[in-house]
Amino acid sequence: MGDMNVSQQFFVDKLEQAKIHFERALDCKHTEFDDLYPYMIEHPQFFWYKRYVAWSELLTIVKLCDELEITWTEQFTERQAEYVRGRVMSSKVLDYWYETNESREHVG
């Protein structure tokens, strides 16, 4: 295929798409995964698996960005970037992905 130079913007765009895909899966909204496996909608484990697939895609793009030394954290809140660095899609990730209340009082 010859020499192929892929721009940083390509990876930033793919990262944004993967983030959107994960967030749509998190919100139980339609994704391309639904089109690939329409029969799975009938199964209760479908939404968990759909989220897992989207999370794996996101982690793969982040790993490529790390290897290519492309900054990826700017696409996420600090907490979201922490979850992605942790690599484990836990209930904490599912419950607090969208938490944006940064003005809450801290008890010191």
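Starting from 1, residues in each chain are numbered consecutively following that chain's sequence as written. Local features in a predicted model are, by the rule used here, given only for residues with pLDDT of at least 70; side-chain atom pairs are given and counted only at 80 or more, and totals for whole chains, interfaces and linings are based on all residues. Computation of side-chain values: all heavy atoms of the structure, hydrogens and water removed.

**Q** Where do I start with the side chain of Arg 51 in this structure?
**A** Segments assigned H or I by DSSP are reported as helices when at least four residues long, segments assigned E as strands when at least two residues long, and all are numbered from the N terminus. Here Arg 51 shows up in helix 3 (residues 46–67). Relative accessibility thresholds used throughout: buried, under 20% of the residue-type maximum; exposed, over 50%; partly exposed, between the two (1.4 Å probe, protein chains only). Charged residues are defined here as Lys and Arg on the positive side and Asp and Glu on the negative side; His and the ends of the chain fall outside this count. We define a salt bridge as a contact between a side-chain nitrogen of Lys or Arg and a carboxyl oxygen of Asp or Glu at a distance within 4 Å. One buried charged residue, Arg 51, forms no salt bridge at all, with the nearest opposite charge on Asp 27 at 7.1 Å. For the purposes of these results, a polar contact is taken to be a pair of N or O atoms within 3.5 Å, where, inside protein, one atom must be able to donate a hydrogen and its partner to accept one; residues adjacent in sequence count only when each atom of the pair is a side-chain atom. At 3.1 Å, the side chain of Arg 51 forms a polar contact with the backbone oxygen of Leu 26. Residue contacts follow a heavy-atom distance rule, with two residues in contact if any of their heavy atoms lie within 4.5 Å. Excluding residues that lie within four positions of it along the chain, Arg 51 makes contacts with Phe 22, Ala 25, Leu 26, Cys 28, Met 89 and Leu 94.

**Q** Explain the packing of helix 1 (residues 8–26) against helix 3 to me, please; I cannot follow it from the model alone.
**A** How two helices pack is summed up by the angle between their axes together with the distance between the axes. At their nearest, the axes of helix 1 and helix 3 sit 8 Å apart, and the two run at 160° to each other. Between helix 1 and helix 3, the angle is such that the two are roughly antiparallel. The chirality of how helix 1 crosses helix 3 is left-handed. Packed against helix 1, whose contacting residues are Phe 11, Lys 14, Leu 15, Ala 18, Lys 19, His 21, Phe 22, Ala 25 and Leu 26, the element helix 3 presents Lys 50, Arg 51, Ala 54, Trp 55, Glu 57, Leu 58, Ile 61, Val 62, Leu 64 and Cys 65 at the interface. Only the contacting stretch of a helix is used when fitting its axis, a line to C-alpha atoms as for every element, and angles between N-to-C directions run 0 to 180 degrees. When describing relative orientation, an angle under 35 degrees is termed roughly parallel and one over 145 degrees roughly antiparallel, while 65 to 115 degrees is termed roughly perpendicular and anything else oblique. Helix crossings get a hand from a simple test, with the near helix turned counterclockwise from the far one by less than a right angle marking a left-handed crossing and a clockwise turn marking a right-handed one.

**Q** Can you walk me through helix 3 in this structure?
**A** Here the expected length of a helix is defined as 1.5 Å per residue gap, with one fewer gap than residues. Over its 22 residues, helix 3 runs 32 Å from end to end, which matches the ideal 32 Å to within 8%, given 1.5 Å per residue. Along helix 3, the residues classified as buried are Phe 46, Lys 50, Arg 51, Ala 54, Trp 55, Leu 58, Leu 59, Ile 61, Val 62 and Cys 65. Tucked into the core, helix 3 has its buried residues touching helix 1, helix 2 (32–36), helix 4 (78–86) and helix 5 (91–96).

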